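# Coordinate inspection notes
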Amino acid sequence: MAAVAVARPSEHGFSQPTSSAGLLAMLDEDESVLQVYALKQLNRIVDEFWAEISAEISKLEALYEDEGFEERELAALLASKVFYHLGELDESLTYALGAGPLFDVSEESEYVQTLVAKCIDQYVELSVKANESKEKQPPLDTRLVAIVERMLNKCITDGQYQQAVGIALECRRLDKLEEAITKSDDVPALLAYTLRVSQTLVNRREFRHEVLRTLVKLYTHSGSPDYINICQCLMFLDDPAGVAAILDKLVKGDSDDALLAYQVAFDLFENEFQQFLLNVRDRLPDPRGHAEAGHPPAEGAESTPPAEGATAAADATASASAALAAEAKDEASAMEEDTGAAESHAPAIEGLGDLPIATYAERMTRLKGVLSGETPINLALQFLYSRNRADLLVLKNIKGAVDVRNSVCHGAIIYANGLMHAGTTVDTFLRENLEWLSRSTNWAKFSATAGLGVIHRGHLQQGRALMAPYLPQNGVSGSPYSEGGALYALGLIHANHGESIKTFLLESLRNTTNEIIQHGACLGLGLAALGTANEEIFEDLKSVLFTDSANAGEAAGIGMGLLMVGSASEKAGEMLAYAHETQHEKIIRGLALGIALVVYGREEEADTLIEQMTRDQDPILRYGGMYALAMAYRATANNSAIRRLLHFAVSDVSDDVRRTAVMALGFVLCSEPEQCPRIVALLAESYNPHVRYGAAMAVGIACAGTGLTAALDLLEPLQKDPTDFVRQGALIATAMVLIQETEARQPRVAAFRKHLDKVIGDKHEETMGKMGAILAAGILDAGGRNVTIALRSRSEHDRVTAVVGMAVFTQWWYWYPLAYFLSLTFAPTALIGLNGALQMPRLEVTSAARPSLFAYPAPLSDKKEEEVKKVPTAQLSTTARAKTKAKKDAAEKAEKGKEAIEKVGAKGGKKEEEKEGGDAMEVEKEPEAKKVKKEKEPESEVLSNPARVIPAQEKYVRFPEGSRYAPLKKVAAGWVLLKDLKPGEPEELVSQHAPAEQGAAAAPAAAPAAAGGAAAAADEDEPPPPEPFEFVPQ
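Please read these numbers as outputs of a predicted model, since none were measured by experiment.

Taken together, the side chains of Asp-47, Asp-104, Glu-107 and Glu-108 present a region of like negative charge at the surface. Looking at the secondary structure, you find Glu-107 in the loop between helix H5 (89-98) and helix H6 (110-132). Overall, the relative accessible area of 35% leaves Glu-107 in the partly exposed class.

So this is what it looks like as structure tokens:
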């Protein structure tokens, strides 16, 4: 028998081996009992003697491969540990799998944790490959599956449900996901967590849809279904029929159910997916006509069949492209027969119970008003109008500091005014500066007219009346620039809600051959019919494109993209083909952006088209490929997309492509703004100014409205960059980051405003830098200081209009009028409480934070503080000597007076002190400053409905105890439906200041004497009336 290992005494009295040589020798014995004993002892000391054991690793491998050896699993475990210490993790995992149940996943050792992580990574890799590959893959190793399942079961047993959800999602095990959620102690919270992480953790769109379907099933079968989250999931799945069924069911319920239906509709509206909302509305029954099968198609319903067909295809196969028109009609009719018959053909009175048909009809009318956007847009318009705090002195000072002969800065002030008053309907600045405004000529006049569309955005009822002075009167056309700008303005007013205006815009496009008017009509049509995939409009835009006019063709390309947003239509191929045929760079650029918009949100389904564009020889099409990557993978933080964009950012030969590649990172990372500054930090120091500009804009896009310190740290040096357009981009991006930030929360706000004033007033600053500063000033105070830039909604869904608007806004590098698209990203920061009748009751909520943290910026002072500067006069030498002697005598006299006062003070006589100190008035002693007692700022404030609540403030807002109203959702922001806890008492409503009369007034150039829209806002600053009193004559 071989010698055993030499032992040494331990501190516990037991012998510890000093070598493993003896135990290794026992592995050569013929007796299996000795071999098993040796393996057990070696397994106990392997962490200490793995180096010696590794020399005999072949013996362990031989024992494992011997199927007749009874403890071959123990040999595999020992071999796995040896390979682990050698750093061979792949070999270690192979033998760990062979160890079977001896590999204990519950063991809290570094070895087990490392191999479990390795095991899960390998399982994830194999399962993803099996799911994504079109070819049939071999089944997964059952031993690998067993370890993963044991780990998942351990997480569930230990109560680590979130960890189990994460592993299940990575491993694509929907069965384990469902098991973890159902066994959780808090099912609703875990469902909400799963919904949130599914949007960030799951990269593949198809699997994400499977997860959402699983969540819908779990939500539905829970004790109290969360209809708000169910409908959000169905919106992600593009299932309008499911949402319509839920809303119809809720409307037929009691008053609380009806409130919930309204809340669901408002939350869906926040995502700004126009066609989906219209599809939901058109699937709801019409209680006014029982004989009709369903709701009659509204204006613009011609676009419904393609969308329905796309929905059916998405539900069935989640295909990458929309069907052709004929196929879409067939799919739409099939869906109506197979899945929608029960909803669209059911009598409107079915399932009403005791609910009167009149009440049901009233509820349904309100619900459709929310889905169509009419109700929320009107409420937001009233809020922005009544709470407008834009400071006209800011614009006045900018106007005074800029050279009137500089047309670029003149136009920038008009853009800034539009952004500053976006949605407020206040055009006072334009009315007060008509002569200055009349300097706009040609395309500047086009932009000035279009700016009215930004100011009056959302004023759907009076939009056309507002722009009437610029449109043809009695068949007589005026300036084509004004008319084209007016059509563009109508699109901005009705952006994403253009059912009532798109027919007029389409007729205007057909009735003109002027490229300027066509340019405005194409942009307006694209905005009004955003995402509707209307075939008729597409054909008209295509006919304009084929005229091969540079200006009209560029707008037509962008308009086609806006119309087909997210449809992944095969028409993108037609657009790409024409881009190769035309010689106009403007048309190619418009088409490149349009193609990118067509693949919006399609992720991996768009990879083929993206690959085709990024490999094109034309740099403009490669530039479009960068935008296609940005739009397809918006807000996903997809590693593959980030890697590709970084590759083009450092390798492409075109500066335009490199700049756009870096900028596109902002769109991909807007769901994780903290990551963007870190990723583009090195690019911000590039030698190439185009890359630096792209880095600045990427941070501005991803971190907009966040006030992130890391973003400001990156942007601050770029504000002083030697290249003018880099400074311009840095100033705009900084304003986007700092929008609605206060000095109390972010001290850099005050310094940035002063820097903007300095840049604008500096005569030596280049025009590009001044333009950036002027636009930045407008962005800082956007929407009357009541909006923020938000690319995502509170439900973590991307705001389609906002993302598209930001993408087109970045094109202002080539075409300034596109700067107005930034207004599409604005979201009102309001808390609007509504009762069952969708009216605003008088309500007060508490903000548990100091008022200064979220207060409006202080208005600029209207008083001109002019410092009187004394002009130095010539002095004779004798005068100078006389003044010097007088000063010396005064100093000596003051010193004597001081000594006299000290002597009197030493005697302690008060009267003597007063008497002898009578000459003390001659002493030049500075009077003590009056101490003004500063009042302590309160720790909270009371807000009244509707209230300005910025995103950072939402967590501090509380409904007071004992309040008459209770909110239906936890987040006190946006449109909040209120449950009346005292329904029997009379209700006091908020008087609504609708801007209808002001909006209906003539436009500034047509009626300069009309009253300014700021009058209503100024009324709030008037002093209150005096208290009642009795007059007593003397």
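Text resumes after the structure shown.
Time to look at the side chain of Arg-659. Tracing the chain through its elements places Arg-659 in helix H37 (residues 655-668). Judged by its relative accessible area of 2%, Arg-659 is buried. Discounting chain neighbours no more than four positions away, the residues touching Arg-659 are His-690, Tyr-693, Gly-694, Trp-813 and Tyr-814.

An order of S8-S5-S11-S10 is seen for the 4 strands of this open sheet, with the pairing classed as mixed. Of all strands in the sheet, those bounded by a partner on one side alone are strand S8 (947-948) and strand S10 (965-967). The pairing of S10 with strand S11 (residues 974-980) spans 3 bridges and is antiparallel. Considered in S11, the bridge of Ala-966 is made with Lys-979. Across the sheet, helix H14 (residues 255-269) is in contact with strand S5 (830-834) and S11; its angle to S11 comes to roughly 175°. The strands that helix H20 (residues 374-386) touches are S5, S8 and S11; relative to S5, the one it contacts most, it runs at about 125°.

The subject of this paragraph is the pattern of salt bridges. Within this structure, the stated rule accounts for 44 salt bridges. Of the charged contacts, one joins Lys-979 and Asp-256 as a salt bridge, the two residues approaching to 3.3 Å between their closest N and O atoms. Placement of Lys-979 in strand S11 and of Asp-256 in helix H14 is noted, with a sequence separation of 723 residues between them. Judged by its relative accessible area of 33%, Lys-979 is partly exposed. Overall, the relative accessible area of 30% leaves Asp-256 in the partly exposed class. Lys-571 is the salt-bridge partner of Glu-535, the closest N and O atoms lying 3.3 Å from each other. Highlighted residues: Glu-535 in helix H30 (residues 535-545) and Lys-571 in helix H32 (residues 571-581), separated in sequence by 36 residues. Relative accessible area serves as the criterion here: at 12%, Lys-571 is assigned to the buried category. Members of the salt-bridge network, linked through shared partners, are Asp-28, Glu-56 and Lys-59.

A word on the UniProt feature "transmembrane region" (unreviewed entry) in the chain. Taking the UniProt record as the reference, the feature "transmembrane region" (unreviewed entry) is found at residues 812-834. Counted over residues 812-834, helix gives 0% and strand 35%. Its end C-alpha atoms are 39 Å apart.

Turning next to the environment of Asp-757. Along the chain, Asp-757 falls in helix H42 (residues 748-761). Accessibility expressed as a relative area gives 52% for Asp-757, which makes it exposed.

Judged by pairing direction, the sheet is antiparallel, and its 3 strands sit side by side in the order S7-S6-S9 without closing on themselves. Strands at the two margins of the open sheet, each flanked by one partner only, are strand S7 (941-944) and strand S9 (957-958).

What follows is about the packing of helix H25 (residues 443-455) against helix H27 (residues 480-493). Each pair of packed helices gets described by two things: the angle between the helix axes and the distance between those axes. Between H25 and H27, the least distance of the axes is 7 Å, while the angle of their chain directions is 25°. What the angle tells us is that H25 and H27 run roughly parallel. In the packing of H25 onto H27, the handedness of the crossing is right-handed. The segment H25 lies against H27, with Trp-443, Lys-445, Phe-446, Thr-449, Ala-450, Gly-453 and Val-454 engaging Tyr-481, Ser-482, Gly-484, Gly-485, Ala-486, Tyr-488, Ala-489, Leu-492 and Ile-493. A class-by-class count of the residues in the contact of H25 with H27 yields 10 nonpolar, 5 polar and 1 charged.

Evaluation of the coordinates by the stated rule reveals 24 aromatic pairs. Note on Tyr-64 and Tyr-95: the rings are 5.5 Å apart at their centroids and 70° apart in plane angle, and the pair reads as edge-to-face. In this pair, Tyr-64 is assigned in helix H3 (residues 57-65) and Tyr-95 in helix H5, connecting sequence segments 31 residues apart. Pair check on accessibility: Tyr-64 and Tyr-95 agree, each one buried. Aromatic rings pair up to connect Tyr-415, Trp-443, Phe-446, Tyr-481, Tyr-488, Trp-815, Tyr-820 and Phe-821 into one cluster. In this arrangement the basic side chain of Arg-634 is found over the ring face of Tyr-600, its NZ or CZ atom lying 5.3 Å from the centre. Seen from the ring of Trp-813, Arg-659 lies directly overhead, with NZ or CZ sitting 4.0 Å from the centre.

Bringing the nonpolar core into the picture now. Counting 301 residues, the largest nonpolar core has Phe-103 and Tyr-488 as the members making the most contacts within it. Residues contacting Phe-103, with those up to four places away along its chain left out, are Leu-77, Ala-96, Tyr-111, Val-112, Leu-115, Val-116, Ile-147 and Arg-150. Formed by 12 residues, the second largest nonpolar core is a distinct cluster that contains Val-845, Leu-943, Ala-947 and Val-949.

What counts, and at which threshold
- Residues numbered from 1 in each chain as written.
- Predicted model: local features only at pLDDT ≥ 70, side-chain atom pairs only at ≥ 80, totals over all residues.
- Heavy atoms only, no water.
- Patch = residues over 30% accessible without salt bridge, like charges linked within 9 Å, V, L, I, M, F, W, Y side chains within 5 Å.
- Areas by Shrake-Rupley, 256 points an atom, 1.4 Å probe, with all protein chains shown as cover.
- Salt bridge = Lys/Arg side-chain N within 4 Å of Asp/Glu carboxyl O.
- Lys, Arg positive; Asp, Glu negative; His and termini not counted.
- Charge placed at Lys NZ, Arg CZ, Asp CG, Glu CD.
- Helix = DSSP H or I, 4+ residues; strand = E, 2+ residues; numbered from the N terminus.
- Buried < 20%, exposed > 50% of the residue type's maximum accessible area, 1.4 Å probe, protein only.
- Contact = heavy atoms within 4.5 Å.
- Pairing = 2+ DSSP bridges.
- Axes fitted to C-alpha atoms, helices over the stretch in contact; angles between N-to-C directions.
- UniProt positions renumbered as here; feature names shortened; annotations may be inferred.
- Parallel < 35°, antiparallel > 145°, perpendicular 65-115°, else oblique.
- Left-handed = near helix turned anticlockwise from the far one by under 90°.
- Nonpolar A, V, L, I, M, F, W, Y, C, P; charged D, E, K, R; others polar.
- Phe/Tyr/Trp six-rings, centres within 6.5 Å; stacked < 30°, edge-to-face > 60°.
- Lys NZ or Arg CZ within 6 Å of the ring centre and 35° of its normal.
- Core = buried A, V, L, I, M, F, W, Y, C linked by side-chain atoms within 4.5 Å.

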